[in-house]
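Structure assessment
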Amino acid sequence: MLTRKKSGKKGHRADTNNGYGVEGEKSTAHQLKYIGGEYRVLHGRRVHAGGGTQEFDHIVVGPNGVFHIDSKHWSGDIHFTGQGVERVKTRSDRGKQDEPHSQDPTAQLYRHEYVLKELFKQHRIQADLVGIVCFTHPNCRLVGTSPAFATLKLDRLVHHIKTYKPKRTLSAAEVASIEKLIKDNSK
């Protein structure tokens, strides 16, 4: 299991074993700058609800829903199978052997989704909730998909969010209200 520690920059964390967490989160944050003014973007939030707390890399609230995004800066082949995620170790751009990732990133998204669903249920909010695992390393190849969450590379992130078709569109006031609710229930 990877352990996390705070980095020097507010809102960004690093994997203690390799520092790739910060790199992936920074790349995702940079990409989300281009999403447009109708979306609200929150980074590095610890959200509490339903008796639990989860740390989110990024949360995007927009007219077509709430997107919780986990950034992974993994290289090599990442296979999504019925048994979970399998990663083929490769040499990174830095010439070092990448550390194996034994934790399935979708398990973390299930925990994130639980906390957000509980928060929304408590406040009677109806909005589409979409989990995304965003792979930021340029030498990453995705094989298959997760049955529960979007799995995509960084260059597809903004397009995926903006083209998502919700069950119900949120007004600008609802977007602002959800953003405030998340901020009020997070550190």
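Look above for the structure.
So, here is what we can say about the structure in this document. What you are looking at is a predicted structure, and each value in this text was computed from that prediction instead of being measured.

**Quick word on the overall build of the chain**
Counting its secondary structure elements, the chain contains four helices and ten strands. Each helix (α) and strand (β) of the chain, taken in turn from the N terminus, gives the series β-β-α-β-β-β-β-β-α-β-β-β-α-α. Burial statistics for the chain: of 187 residues in total, 48% are counted as buried. Here the analysis covers contacts within the chain between residues at least 6 apart in sequence; of these, 61% occur between residues at least 24 apart. Entry remark: accessible area of the chain is about 9500 Å², with carbon and sulfur atoms responsible for 49%.

**Comments concerning the nonpolar core**
Counting residues in hydrophobic clusters, the biggest one holds 18 residues, and the most contacted among them are V47, I59, F120, I178 and I182. Where this core is concerned, the elements lending two or more residues are β3 (40–49), β4 (52–62), α2 (105–122) and α4 (172–184). Not counting the four nearest positions on each side in its chain, I178 is found in contact with V61, V66, F120, I125, A127 and L170. Counting 15 residues, the second-largest nonpolar core is a separate cluster that includes I35, Y39, I132 and L157.

About the criteria used
Residues numbered from 1 in each chain as written. Predicted model: local features only at pLDDT ≥ 70, side-chain atom pairs only at ≥ 80, totals over all residues. Heavy atoms only, no water. Helix = DSSP H or I, 4+ residues; strand = E, 2+ residues; numbered from the N terminus. Buried < 20%, exposed > 50% of the residue type's maximum accessible area, 1.4 Å probe, protein only. Contact = heavy atoms within 4.5 Å. Areas by Shrake-Rupley, 256 points an atom, 1.4 Å probe, with all protein chains shown as cover. Core = buried A, V, L, I, M, F, W, Y, C linked by side-chain atoms within 4.5 Å.

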